[in-house]
Amino acid sequence: MICRRSSLFAALAAGTLLVPATAFAQEQAVQPPQLVLPALPQPVPAPPAPNVAPTFGQQSFIPVAGLAPQPAPRFNFKIDPSTPVKDLLPVAPKAAPARGPLLADDLNKVPEIEFEARADQPADHGKLTERTAHQLAKINHMNAKKADAFMGALIESRADLAGMPFVMGDDCRSGPERAKHFAAAVALVRRAMQSGGSGRAFWTNYNALCEQQDEAASKSDKALKEHLTVTRIAALTQMLAPEPAEMRAGLVKHLTGVPHVEATRALARLAVFSPEDDLRFAAVDALKVRREKDYTDVLVKALRYPFPAVARRAADAIARLERADLTGELVAVLDEGDPRLPQARKNGKAQFVREMVKVNHHRNCMMCHAPGTSGVSAASDVTAEVPVPGEPLPSPSQGYRQSSPDLMVRIDVTYLRQDFSARLTVPDAQPWPDQQRFDFFVRERAVSDEEAGAYREKLTPKEPGVLSPYHKAALAALRELTGKDTAPTAAAWRKLLDAPAQPAPQSRRE
């Protein structure tokens, strides 16, 4: 996927920060000294005592810019300039056996992608910390010669990463002004999180903090208003992405009151990626008064998402929104095969499949972000410390760790944009929590003729009249929108609707 630089914070709004986690309700805010934030409204419930079970689950730690001076580096790695590139890359994980298309709506069965192979035997914390710091030093060594050189070499060397939706160059970087405001928006969310209690308490405090900040801001500064609006949307949608429905329902309500295109697109993503009916229906209701052109592409692309549940939600949203203008898109789905089927490259020689994959949010920072420099970071840099496997994730009372500049990555440089996030159970997770955040993407993976045949065998109906879940979803939406019915074919529906043979332009996939 290719995105322009202006869409970077839309990517942040979709949630792309792969950083450590801790308890949501008790997270301690670390504020940048150059940013003045309003105080919490009084009275504020005191945060629960340490070791009390969190109200909202394990929340991702999101750092802010302008932190106190960091300790001196622990390590001093000497990397020979003549070191071959292959020796600077991480050890690749073992290739997973081909399992064919995902036939059930079970996120646990989605293939997992990892930055590097895990150690065969448990290693002590010191060795794991040094290994992590050494890999970051190698990345900095390669990037010193050319921006994003490491990521380019990594993708080229790994078949499992080759089809992931990476972006690089200016497309993955935010400017210093936007990064500064994003850091402030994150700090605002974290300040409201101190309230504890229910989701209602968070939103009461958050809205009060926003009002206070807005009162202090210049009313005539349109650029400042734009920064505040966009970065608040990004911070909220990122930090609350894997949280329980109660918190995300509050997010829908909040976004409903924000008249901005990014809020509209965030609502559309909630409408197709949220598993909860009530939450999706609320998001759809909010879209009814929004400009259709701001969210149509989100719904149309979701009709062909390689996870049938998402396609069903998209078709249902189109029907609930009474988007009769999209009947051509629904009919076009009937003309197409299952999106999970193998497709031919433009040269017609190679085949690939589009499939959903997941990435553990806590283990793969170096795959999604550039490393922080070994020296002092700029005040606008938004950095995070890479969590070390085997070391407990920071406790609520500790706040965000900045223990070593050797372990930092830059969140203002983001290579991957995920579609949605969810919490899944991880066996033998200690000392990390059993429930961990995973981020979900679509990749294009090359397949052999033999594997392509296996996909077609599993996805092709064995009996006449059996429809794919994508065709069923499109048909249900067509019947709801038109109040009519006919044979379940594109030709029959075009005849019934007196529609042209070609689908509308927005059905073209990226």
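What you are looking at is a predicted structure, and each value in this text was computed from that prediction instead of being measured.

### A short note on the overall build of the chain
Helix and strand content of the chain: 17 helices and 10 strands. In the chain, which comprises 510 residues, the proportion classed as buried is 53%. Looking at the chain alone, contacts between residues at least 24 apart form 79% of all its contacts between residues at least 6 apart. Accessible surface for the chain amounts to roughly 23100 Å². Of this, 53% is attributable to carbon and sulfur atoms.

### Observations concerning the sheet that holds strand S6 (residues 369-371)
Read from one edge to the other, the open sheet built from 3 strands follows the order S6-S8-S7, with strand pairing classed as antiparallel. Every interior strand has two partners, whereas the edge strands, S6 and strand S7 (383-385), have only one. Recorded for the sheet is a direction-independent mean angle of 40° between the axes of neighbouring strands. Taken together, the 3 bridges between S7 and strand S8 (residues 408-414) define a ladder with antiparallel strand orientation. Note that in S8 the partner of glutamate 385 across the bridge is methionine 408. With respect to the sheet, helix H2 (residues 125-143) is in contact with S6 and S8, its orientation differing from that of S6 by roughly 90°.

### Side note on the state of the cysteines
Counted according to the given criterion, the structure contains 0 disulfides. Here cysteine 365 is not disulfide-linked; the sulfur of cysteine 368 is the nearest cysteine sulfur, at 7.8 Å. Residue cysteine 365 is classed as buried on the basis of its relative accessible area of 1%.

### Digging into unusual backbone geometry
Each neighbour pair has its own omega, and for glutamine 430 with proline 431 the value is 10°, a cis peptide bond. In this fold, proline 431 is placed in the loop between strand S9 (420-425) and strand S10 (435-447). In this structure, aspartate 148 takes a positive phi of about 65° despite not being glycine. As for its position among the elements, aspartate 148 is in the loop between H2 and helix H3 (149-157). Classification of aspartate 148 as buried rests on a relative accessible area of 5%. A positive phi angle is found at aspartate 498, which is not glycine, with a value near 55°. Its location among the elements puts aspartate 498 in the segment after helix H17 (490-497).

### A few points about helix H7 (residues 222-239)
Between its first and last C-alpha atoms H7 spans 26 Å; for 18 residues at 1.5 Å apiece the expected length is 26 Å, and the two agree. Buried within H7 we find His227, Leu228, Val230, Thr231, Arg232, Ile233, Ala234, Ala235, Leu236, Thr237, Gln238 and Met239. Sitting at the amino-terminal end of H7 is aspartate 221, which places a side-chain oxygen 3.3 Å from the backbone nitrogen of alanine 223.

### Some details on the confidence of the model for the chain
Averaged over the chain, the pLDDT score is 82; the fraction of residues at 70 or greater is 79%. This stretch, residues 1-35, has a pLDDT under 50; its non-local contacts, to residues over four places away or in other chains, come to 159 contacts. Within the model, pLDDT remains below 50 along residues 43-69, and this stretch shows 93 contacts once partners closer than five positions in the same chain are excluded.

### Considering the packing of H2 against H3
A pair of packed helices is characterised by two quantities: the angle between their axes and the separation of those axes. At a closest axis distance of 7 Å, the pairing of H2 and H3 adopts a crossing angle of 105°. Here H2 is positioned roughly perpendicular relative to H3, judged by the angle of their axes. Touching Gln135, Ile139, Met142 and Asn143 of H2 are Ala149, Phe150 and Ala153, all from H3. Considered class by class, the residues forming the contact of H2 with H3 number 5 nonpolar, 2 polar and no charged.

Rules and cut-offs
Counting restarts for each chain: residues are numbered from 1 in the order of the written sequence. The predicted nature of this model means local features are confined to residues of pLDDT at least 70 and side-chain atom pairs, given and counted, to a pLDDT of 80 or more, with totals for whole chains, interfaces and linings taken over all residues. Side-chain measures here rest on the full set of heavy atoms in the structure, leaving out hydrogens and waters. We count a stretch as a helix when DSSP gives it H or I for four or more residues in a row; a strand needs E for two or more, and each element gets its number in order from the N terminus. Relative accessibility thresholds used throughout: buried, under 20% of the residue-type maximum; exposed, over 50%; partly exposed, between the two (1.4 Å probe, protein chains only). What makes two residues a contact is simply this: any of their non-hydrogen atoms within 4.5 Å. Computed with a 1.4 Å probe, the accessible areas rest on the Shrake-Rupley method; for each residue, only the protein chains presented here act as cover. Any two strands are treated as partners once DSSP identifies two or more bridges connecting them. Orientation is described by axes fitted as lines to C-alpha atoms, over the contacting stretch for helices, and by angles from 0 to 180 degrees between their N-to-C directions. Disulfides are defined as cysteine sulfur pairs within 2.5 Å. Take the number of residues in a helix, subtract one, and multiply by 1.5 Å to get its expected span. In protein, a polar contact means a hydrogen-donor-capable atom and an acceptor-capable atom, both N or O and within 3.5 Å, with residues adjacent in sequence counting only if both atoms are side-chain atoms; elsewhere, any N or O pair within 3.5 Å suffices. A score from 0 to 100, pLDDT tells how confident the predictor is in each residue. For this classification, under 35 degrees means roughly parallel, over 145 means roughly antiparallel, 65 to 115 means roughly perpendicular, and everything else is oblique. In this classification, Asp, Glu, Lys and Arg are treated as charged, Ala, Val, Leu, Ile, Met, Phe, Trp, Tyr, Cys and Pro as nonpolar, and every other residue, Gly included, as polar.

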